[in-house]
Amino acid sequence: QVHLKESGGGLVQAGDSLRLSCTASATYTMAWFRQAPGKERDFVAGISWSDSSSAYADSVKGRFAVSRDNAKNTVYLQMNSLKPEDTGVYYCGARVDSSVYFASILYRYWGQGTQVTVSS
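About the criteria used
Residues numbered from 1 in each chain as written. Predicted model: local features only at pLDDT ≥ 70, side-chain atom pairs only at ≥ 80, totals over all residues. Heavy atoms only, no water. Helix = DSSP H or I, 4+ residues; strand = E, 2+ residues; numbered from the N terminus. Rg over C-alpha atoms; globule rule 2.2 N^0.38 Å. Buried < 20%, exposed > 50% of the residue type's maximum accessible area, 1.4 Å probe, protein only. Contact = heavy atoms within 4.5 Å. Areas by Shrake-Rupley, 256 points an atom, 1.4 Å probe, with all protein chains shown as cover. Lys, Arg positive; Asp, Glu negative; His and termini not counted. Charge placed at Lys NZ, Arg CZ, Asp CG, Glu CD. Phe/Tyr/Trp six-rings, centres within 6.5 Å; stacked < 30°, edge-to-face > 60°. Lys NZ or Arg CZ within 6 Å of the ring centre and 35° of its normal. Salt bridge = Lys/Arg side-chain N within 4 Å of Asp/Glu carboxyl O. Core = buried A, V, L, I, M, F, W, Y, C linked by side-chain atoms within 4.5 Å.

A.B. asks: Just to check I follow, could you spell out the overall build of the chain for this structure?
C.D. replies: Within the chain, the secondary structure is distributed over zero helices and 11 strands. Along the chain, from the amino end to the carboxyl end, the secondary structure elements read β-β-β-β-β-β-β-β-β-β-β. The C-alpha atoms of the chain give 13 Å as radius of gyration, which agrees with the globular expectation for 120 residues (14 Å, within 12%). Projected onto the principal axes, the alpha-carbon positions of the chain cover approximately 40 × 25 × 25 Å. Each of the 120 residues in the chain was classed as buried or not, and the buried ones make up 42%. For the chain, long-range pairs separated by at least 24 residues make up 58% of all intrachain contacts whose partners lie at least 6 apart in sequence. Put simply, the chain shows about 6200 Å² of open surface, and 47% of that area lies on carbon and sulfur atoms. The chain carries 12 positive and 10 negative side-chain charges, and their two centres are separated by 3 Å.

Written as structure tokens, this is what we have:
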């Protein structure tokens, strides 16, 4: 049984920063997705378990940074210069192989999500 647990969400103002964490029961390639009410779950950032190569959605490049600590099976998402459009539930997804994909359907395991709300 694979367990993923996100933490670190909250209510902040535009321009603020937050750091999300996702801890897994083992080492996986992991990605962050976010879902706004009534919208699809969109890719935000991902990081490979093998070489820590990463990928980002264009909307967050230069503001967000994904990193990992394999010893703790934990992935982090540092979010800076937050905007109201960053609001949503942030989910951590995991897959066994080393490639990062943008499509949520390619991630087999998911956490319960953590709410991020950015007020203007």
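Here the narrative resumes.
A.B. asks: How do you make sense of the packing of aromatic side chains when you look at a structure like this?
C.D. replies: Between two aromatic rings, the relevant description is the distance of the centres plus the angle of the planes. The full count for this structure, using the stated rule, is six aromatic pairs. On the numbers, 5.6 Å between centres and 80° between planes, the contact of Phe33 with Phe43 is edge-to-face. Of the two residues, Phe33 is situated in strand β4 (residues 29–35) and Phe43 in strand β5 (residues 41–47); the sequence distance between them amounts to 10 residues. An identical accessibility class is assigned to Phe33 and Phe43; each is buried. Grouped by ring-pair contacts, the aromatic residues Phe33, Phe43, Phe102, Tyr107 and Trp110 constitute a single cluster. Across from the ring centre of Tyr107, 5.9 Å away, lies the NZ or CZ of Arg95, which sits over that ring.

A.B. asks: Which parts of the structure should I look at to understand the pattern of salt bridges?
C.D. replies: Side-chain pairs of opposite charge can arise where the charged atoms are in close proximity. Scanning the model with the defined rule gives four salt bridges in all. Here Asp86 ties to Arg34 by a salt bridge, and the two come within 2.8 Å at their closest N and O atoms. Taken together, the positions of Asp86 in the loop between β8 (74–79) and β9 (88–95) and Arg34 in strand β4 put the pair 52 residues apart, joining distant regions of the chain. According to the relative accessible area criterion, Arg34 is buried, its value standing at 13%. Residue Lys61 is joined to Asp58 by a salt bridge in which the shortest nitrogen-to-oxygen separation is 3.1 Å.

A.B. asks: Honestly, the nonpolar core in this entry has me stumped. Any pointers?
C.D. replies: When a protein is soluble and globular, its nonpolar side chains tend to lie buried together. Residues Met30, Trp32, Leu77, Met79 and Tyr90 are the most contacted members of the largest nonpolar core, which totals 33 residues. Among the elements of the structure, β3 (18–24), β4, β5, β6 (54–56), β7 (64–69), β8, β9 and β11 (114–119) are those that each provide at least two residues to this core.

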